[in-house]
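For reference, the chains in residue letters:
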Amino acid sequence: MAHRWKNDLSENDVTPEHVFLTRRSLIGVAAAGLALSGLGQKARAETLEPTDWDDITSYNNFYEFGTGKKDPAKYAHMLTTEPWSVTIDGMVERPGKYAFEDIMKKMAVEERIYRFRCVERWAMVVPWNGFELADLLEMAGVQSSAKYVAFETALRPDEMPGVARPVIEWPYVEGLRLDEAMHPLTLVATGIYGKDIPNQNGAPLRLVVPWKYGYKSIKSIVRITLTDSQPPTAWNKYAPNEYGFYSNVNPNRSHPRWSQEYEQLLGSGLFAEKIPTRMFNGYEEEVAGLYEGMDLIKYH
Ligand code: MTE
C-alpha cells in the first residue's frame, strides 16, 4: 500500500488510559498475564498512539531483500524462519546453538510500546512483543571478561535476493556495549501487535534498541557473541564518519546527509509535520547515565 504520513505524534496526543488498556487486552497481551518490569511500565507511561500495522510492515529497511522500501514486504517471505536457532558464543558460560522454541519457552514475553527512529528521519511507534536481551544473555551466562555483544543476521543467498549485490558487506552485523545490551529497555522482539513478527520486520527475532537509530536494531539474528573488544558494525564499516558505533539518537549531531533536528512519523502523509528530534529518542531519563562524561559528538 501507499506510504502515508500522519500528523499525529505530539506530546498532547496521549491515548486515554482506558482506551490504551482496551487496546492491550484486545491484542491479547494483557490477558496473558505476562510480566512487566518497572522500567517497561515507566517507558509506557507516556502512552503513544501506535503506528498502523500496515505502515510498520510495508515500509521497511532490510537490505538483504533489496534497497527499496517495499522490497522487504515483497521478498522477505522467501526467508525460511522454521526451524531457527541462535548461536550464542564467545565469553559465555553455556555456549551453544539455541533453538528458537527453546528460547521462547524460557523467556517472559511482554508488550513494549516504543518509539522507533530511523537515521533517514522517518519514525514510528511500535507495539513490540518480546523479551529483554539481558534475560537471553543471562541464560547463556555472561563471563566477567565480556565487555561487548556482537550480533549477526542470517546470510542466505538462496533466500535473500538483495545479497547478490554488495550494498554493504554481508552478513549484516551490529554491536552494543555490554551495559547497553543489559539495559532493561533493550528488547529482543518476536512480535508486533501481538502477532508473530513478519519476516520483513526481522522474523523470527530481532533486536530493538529504542534510543538508537534504527540500523542498530539488527534483524533475523543467528549469532550473538560476547567479546572483550568493540565489534565491527555494518554501517560503520560502510561509512565510519556517517555511522558511529554508538548511534544514539542525537539532535545535536547531524548525519552528513540528514540533519537530525527533526523527524516525521510514518503514516502521516506527504506534508508530515516535522517533529523535533529528542535526545536519546525520548529515553534520556532512562539511558543518559550509560554515557556520563562521554563526548557524544565524538563517540557518535
Ligand atoms: N537488519 C538487517 N539484517 N538488515 C537491514 O538492512 N536495516 C536496519 C535495521 N535492521 C537492516 C536491519 C535499518 S536501517 C532500520 S531503520 C531498521 O532495521 C528498520 O526496521 P523496520 O523495517 O522493522 O522498520
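As a reminder, the structure under discussion sits directly above these lines.
Please read these numbers as outputs of a predicted model, since none were measured by experiment. (Residues numbered from 1 in each chain as written. Predicted model: local features only at pLDDT ≥ 70, side-chain atom pairs only at ≥ 80, totals over all residues. Heavy atoms only, no water.)

A. Summary view of the environment of Ala154. Tracing the backbone through its elements, the reader meets Ala154 in the loop between β5 (148-153) and β6 (173-177). The exposure class of Ala154 is buried, given its relative accessible area of 4%. In the structure, Ala154 is positioned 67 residues away from Ile221 in sequence and 6.2 Å away in space, judged by C-alpha atoms. Beyond its immediate chain neighbours, meaning those up to four positions away, Ala154 contacts Trp84, Met160, Ser220 and Val222. (Helix = DSSP H or I, 4+ residues; strand = E, 2+ residues; numbered from the N terminus. Buried < 20%, exposed > 50% of the residue type's maximum accessible area, 1.4 Å probe, protein only. Contact = heavy atoms within 4.5 Å.)

B. Expanded view of the site of the ligand. Around the ligand, a shell composed of 18 residues is seen, among which Asn60, Tyr63, Glu64, Thr153 and Lys219 lie nearest. Contacts to the ligand include Asn61, whose backbone N or O atom sits 3.3 Å from a nitrogen atom. In this structure, Glu64 approaches the ligand through a side-chain N or O atom, which is 2.8 Å from a nitrogen atom. The fraction of the free accessible surface of the ligand (540 Å²) that becomes covered by protein chains is 98%. Judged by its atoms lying within 2 Å of the grid points, the ligand is housed in the largest pocket. Partitioning the shell around the ligand into residue classes produces nine nonpolar, six polar and three charged. (Near = heavy atom within 4 Å. Polar contact = N/O pair within 3.5 Å; in protein donor to acceptor, adjacent residues only side chain to side chain. Areas by Shrake-Rupley, 256 points an atom, 1.4 Å probe, with all protein chains shown as cover. 1 Å grid on protein atoms, 1.4 Å probe; cavity = no way out; pocket = protein on both sides within 12 Å on 5 of 7 lines; lining within 4 Å. Sits in = over half its atoms within 2 Å of the grid points. Nonpolar A, V, L, I, M, F, W, Y, C, P; charged D, E, K, R; others polar.)

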